[in-house]
Amino acid sequence: MLLHAAFFPPHEAVAELADVVRSVAGHQREFTPVSVDDMHVHVTSFGNLARADAAGLADRLVAAAADWAPAPRLSMAGCSALAGEGDLTVCAPLAGQVDQLRSIARAIPEVVQTMGLHVDRRRFKPQVPVGEVTADTSLPYLERLVGALEGYRGPEWVLPDLVLLKPSWASADHETSTADIYAVIPLGAPQASA
């Protein structure tokens, strides 16, 4: 089975972020937003695992989480848009204890390697995709969207867990996919604020 690791901000935080995106005037065809339920930070992909390996990975991640950095306090602030060649996404970067989040993300491949498995090693990006531009996106719309997000700073929240997602295909042509939660790995208690 295919598995991915992700961090999910609280529903209220991404719902507020989605409201900011929807508040930008433009035609519906100019932007394809990510649904509130699908807004998350992609951490890594594990590829196609046997059921026993997937179960073992979840167990090992739960055990390893006790040694990871405490759960970080985060918020979403600013904008990253069309960051590289062929990149059509608009994202809200994470702010706050991002170094702790990166530390957790770096620890995951170490767990995977102890099992003799491989992991996607693309660079972790601490940001929440909010949608994609389309062929119909106008420059004025994109400027308004980027401006609205650059001026946004969402509420602070504590990241409670790492989620393992199992993609499921919603259509016969495999173009539309959703994901089911395979496992939830609780993170350590956050540090007290100074």
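Anything mentioned here points back to the structure above.
Here's a quick rundown of the structure. The shown structure was predicted, so the numbers you read here are calculated from the model rather than taken from an experiment.

Turning our attention to the pairing of strand β7 (residues 127-133). Buried residues dominate β7, accounting for five of its seven residues. Pairing of strand β2 (residues 31-33) with β7, which is carried by three bridges, proceeds in the antiparallel orientation. For Pro 33, the partnering residue across the bridge sits in β7 and is Gly 131.

Applying the stated criterion across every chain yields a total of three salt bridges. A salt bridge links Arg 29 to Asp 136; the nearest nitrogen and oxygen atoms lie 4.0 Å apart. Of this pair, Arg 29 sits in the loop between α1 (11-22) and β2 while Asp 136 sits in the loop between β7 and α4 (139-150), and the two are 107 residues apart along the sequence. Take Arg 29: its relative accessible area is 53%, and that puts it in the exposed class. With a relative accessible area of 44%, Asp 136 lands in the partly exposed category.

For Leu 82, which is not a glycine, the phi torsion comes out positive at approximately 50°. Turning to its location among the elements, Leu 82 is positioned in the loop between β5 (80-81) and β6 (89-96).

Turning our attention to the nonpolar core. Among the nonpolar cores identified, the biggest contains 60 residues, and Phe 46 and Trp 68 are the most heavily contacted of them. Examining the composition of this core, we find that eight residues originate from one element, helix α3 (residues 98-114), more than from any other. Those residues in contact with Trp 68, other than ones at most four positions away along the chain, are Leu 61, Ile 104, Ala 107, Ile 108, Val 111, Leu 162, Ile 185 and Leu 187.

Quick look at the state of the cysteines now. In the structure shown here, the tally under the stated rule is zero disulfides. Of the cysteine sulfurs around Cys 79, a residue in no disulfide, the closest is that of Cys 91, at 7.9 Å. For Cys 79, a relative accessible area of 18% gives the class buried. Judged by relative accessible area, which is 2%, Cys 91 ranks as buried.

In this section: α4. Helical geometry: 3.6 residues make up each α-helical turn, so side chains three or four residues apart lie on a common side. Taking 1.5 Å per residue, twelve residues should reach 16 Å; α4 reaches 16 Å between its end C-alpha atoms and fits that length. Among all positions of α4, only Tyr 141, Leu 142, Leu 145, Val 146 and Leu 149 are buried. Down the axis of α4, the sector holding all buried residues measures 130°, keeping them to one side. Exposed residues lying more than 90 degrees from the buried face of α4 are Leu 139, Glu 143 and Glu 150. Here the buried face of α4 lies against α1, β2, β5, β6 and β7. Its side-chain oxygen placed 3.2 Å from the backbone nitrogen of Tyr 141, Ser 138 serves as the N-cap of α4.

Per the counting criterion, the structure on display carries two aromatic pairs. With a centroid separation of 6.2 Å and an interplanar angle of 85°, the aromatic rings of Phe 7 and Phe 124 are classed as edge-to-face. With Phe 7 in strand β1 (residues 2-7) and Phe 124 in the loop between α3 and β7, this residue pair connects regions lying 117 residues apart in the sequence. Its relative accessible area of 13% is what places Phe 124 among the buried residues. Ring centres of Phe 31 and Tyr 141 lie 6.1 Å apart, and the angle between their planes is 45°; this geometry places the pair in the tilted category. Of the two residues, Phe 31 is situated in strand β2 and Tyr 141 in helix α4; the sequence distance between them amounts to 110 residues. The buried category is assigned to Phe 31, whose relative accessible area is 7%. Looking at Tyr 141, the relative accessible area reads 4%, which means it is buried.

So, how was this worked out
- As a convention, each chain's residues are numbered from 1 in the sequence order in which they are written.
- Given that this is a predicted model, residues contribute local features only at a pLDDT of at least 70 and side-chain atom pairs are listed and counted only at 80 or more, while totals for whole chains, interfaces and linings are drawn from all residues.
- Think of the side-chain values as coming from all heavy atoms in the structure, minus any hydrogens and water.
- In this scheme, a residue with accessible area under 20% of its type's maximum is buried, one over 50% is exposed, and one in between is partly exposed, where area comes from a 1.4 Å probe on protein chains only.
- Strands are runs of DSSP state E lasting at least 2 residues, helices are runs of H or I lasting at least 4, and numbering of each runs from the N terminus.
- Strand pairing requires that DSSP identify at least two bridges connecting the strands.
- Should a side-chain nitrogen of Lys or Arg be within 4 Å of a carboxyl oxygen of Asp or Glu, the pair is scored as a salt bridge.
- As used here, the term nonpolar core means buried Ala, Val, Leu, Ile, Met, Phe, Trp, Tyr and Cys residues forming a set that is joined through side-chain atoms within 4.5 Å.
- Contacts are assigned to residue pairs that have any heavy atoms within 4.5 Å of one another.
- The disulfide definition used here is simple: a pair of cysteine sulfur atoms within 2.5 Å.
- By definition here, a helix of n residues has an expected span of 1.5 Å times n minus one.
- Each direction from the helix axis to a C-beta atom contributes to the arc, which is the arc of those directions.
- Identification of polar contacts relies on pairs of N or O atoms within 3.5 Å, with a donor-acceptor requirement for protein atoms, meaning one able to donate a hydrogen and the other able to accept it, and with residues adjacent in sequence counted only if both atoms are side-chain atoms.
- Any Phe, Tyr or Trp ring, taking Trp's six-membered ring, that has another such ring centre within 6.5 Å forms a pair; planes under 30 degrees apart are called stacked, those over 60 apart edge-to-face, and the others tilted.

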